[in-house]
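# Working through the structure, step by step
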Amino acid sequence: MGRLTDKVAIITGGARGMGAATSRLFAQEGATVMVADVLEDEGRALAQDLGGNARFVRLDVSNEADWVSLVKDTVAEFGRIDALVANAGVLSFGELVFAEADEFDRVYGINVKGVFFGIKHVGGAMRSAGRGAIVNIASIDGFRGANALGLYSSSKWAVRGMTKTAALELGPHGVRVNSVHPGGVNTPMVNGGDRSIEELNYAHRRVPLQRIGAPEEIAAASLFLCSDEASYISAAELGVDGGWAAGYYHDNLPGAPASLTGE
Ligand code: NAD
């Protein structure tokens, strides 16, 4: 408790899934939390549940004017912004040769431009203040290609890439910028609201830790990176993926888990 006492944090996509878990954890750790999302009912209900130190703000991350208002209003009310978790994102399925330009614009508008605006506007305010921490939520798919996930995967490579440049440019001004790369996580994006935990764990049986992740496990990584414990960490890419990024199991070679070999 208290790892973010007196800090003000913005969590985009903060109304549900990983963002909601992050909003909750940051509030528990003493932060004032701006739950920023397009989901108004969920966002308001969460902010109310978190109590006096949380606010819901309607933010479409792809809309620059929304960011300008958010930064202005947050600084006007609380006087500072210490942390941004740029978590809002959308998934998109389909092979690249069949993908439509409109879908490219939608996915890049939210996943890439949304992160860019966060760096530009929140990072800009942090630069002026001489302090701050930004965590951009990328993905394990920002480390590799993924069939039928080309737009999504490449958008997460962009998040990872922009994080490096932002860390270089903002570091001299006291602002740290890191990316977190979740593997599979049990949120509405993945579970569709009706897939059981057994089914989800089975689908992740090739991951070294043999299960899907929980949203709280990603929130814990963002908390660490936004806290003073990470005061010398910038431009890092932190996988929170149960070891998935290490590779995949060859079923027919020693070391594969029994769940794959059937032994
Ligand atoms: P989710 O769909 O449950 O939640 C995403 C949140 O982002 C929602 O609250 C949604 O309303 C919000 N959002 C979408 N478009 C927005 C916009 N234009 N402006 C503001 N908010 C918007 O998904 P999640 O699993 O919690 O995903 C959170 C982040 O983690 C995303 O960036 C996602 O790509 C990434 N991620 C998820 C997984 C996973 O397995 N769930 C794995 C790797 C990375």
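The paragraphs below set out a description of the structure included in this document. Note that the coordinates shown come from a computational prediction; the quantities given were computed from them, not determined experimentally.

How each quantity is defined
- Residues numbered from 1 in each chain as written.
- Predicted model: local features only at pLDDT ≥ 70, side-chain atom pairs only at ≥ 80, totals over all residues.
- Heavy atoms only, no water.
- Helix = DSSP H or I, 4+ residues; strand = E, 2+ residues; numbered from the N terminus.
- Rg over C-alpha atoms; globule rule 2.2 N^0.38 Å.
- Contact = heavy atoms within 4.5 Å.
- Areas by Shrake-Rupley, 256 points an atom, 1.4 Å probe, with all protein chains shown as cover.
- Lys, Arg positive; Asp, Glu negative; His and termini not counted.
- Charge placed at Lys NZ, Arg CZ, Asp CG, Glu CD.
- Near = heavy atom within 4 Å.
- Polar contact = N/O pair within 3.5 Å; in protein donor to acceptor, adjacent residues only side chain to side chain.
- Buried < 20%, exposed > 50% of the residue type's maximum accessible area, 1.4 Å probe, protein only.
- Pairing = 2+ DSSP bridges.
- Right-handed = clockwise from strand over helix to strand, strands pointing away.
- Axes fitted to C-alpha atoms, helices over the stretch in contact; angles between N-to-C directions.
- Phe/Tyr/Trp six-rings, centres within 6.5 Å; stacked < 30°, edge-to-face > 60°.
- Lys NZ or Arg CZ within 6 Å of the ring centre and 35° of its normal.

## Side note on the overall build of the chain
The number of helices and strands found in the chain is 9 helices and 7 strands. Relative to the compact-globule value of 18 Å for 263 residues, the chain shows a C-alpha radius of gyration of 18 Å, a close match. Considering only intrachain contacts with a sequence separation of at least 6, the fraction spanning at least 24 residues in the chain is 67%. Of the roughly 12,400 Å² that the chain leaves accessible, carbon and sulfur atoms contribute 54%. Both charge centroids of the chain, one from 23 positive and one from 31 negative side chains, sit 5 Å from each other.

## What about the site of the ligand?
Around the ligand sit 27 residues in total, of which Arg16, Asp37, Asn87, Tyr152 and Thr187 are the nearest. Asp60 places a side-chain nitrogen or oxygen 2.9 Å from a nitrogen atom of the ligand. At 2.6 Å from an oxygen atom of the ligand is found a side-chain nitrogen or oxygen belonging to Tyr152. Looking at which element gives the most residues to the shell around the ligand, the answer is helix H6 (residues 188–191), with 3 residues.

## Considerations on the pairing of strand S1 (residues 8–12)
A large share of S1 lies buried, amounting to 5 of its 5 residues. Here S1 shows two buried faces, one formed by Val8, Ile10 and Thr12 and the other by Ala9 and Ile11. Here 5 bridges tie S1 to strand S2 (residues 32–37), and the two strands are oriented parallel to one another. Bridging from a neighbouring strand, Ile10 pairs with Met34 of S2. Between the parallel elements S1 and S2, the chain passes through helix H1 (residues 17–28) in a crossover that is right-handed.

## Side note on the sheet that holds S2
Spatially, S3-S2-S1-S4-S5-S6-S7 is the arrangement adopted by the 7 strands of the open sheet, whose pairing is parallel. The sheet is open, and its two edges are formed by strand S3 (54–58) and strand S7 (237–240), each paired on a single side. The mean angle between the axes of side-by-side strands here comes to 20°, regardless of whether they run parallel or antiparallel. In the sheet, strand S6 (residues 175–182) pairs with S7 via 4 bridges, with the strands oriented parallel. Residue pairing across strands places Val180 opposite Leu238, the latter belonging to S7. Lying on the sheet, helix H4 (residues 101–129) is in contact with S1, strand S4 (83–86), strand S5 (132–137) and S6; it crosses S5 at an angle near 170°.

## Overview of the packing of aromatic side chains
Applying the stated criterion across every chain yields a total of 2 aromatic pairs. Ring geometry for Phe104 and Tyr108: centres 4.1 Å apart, planes at 10°, overall stacked. With a gap of 4 residues between them, Phe104 and Tyr108 both fall in helix H4, about one helical turn apart. The exposure class of Phe104 is partly exposed, given its relative accessible area of 37%. Above the plane of the ring of Trp244 lies Arg144, whose end atom (NZ or CZ) is 4.8 Å from the centre.

What is shown is where atoms sit, not what they do.
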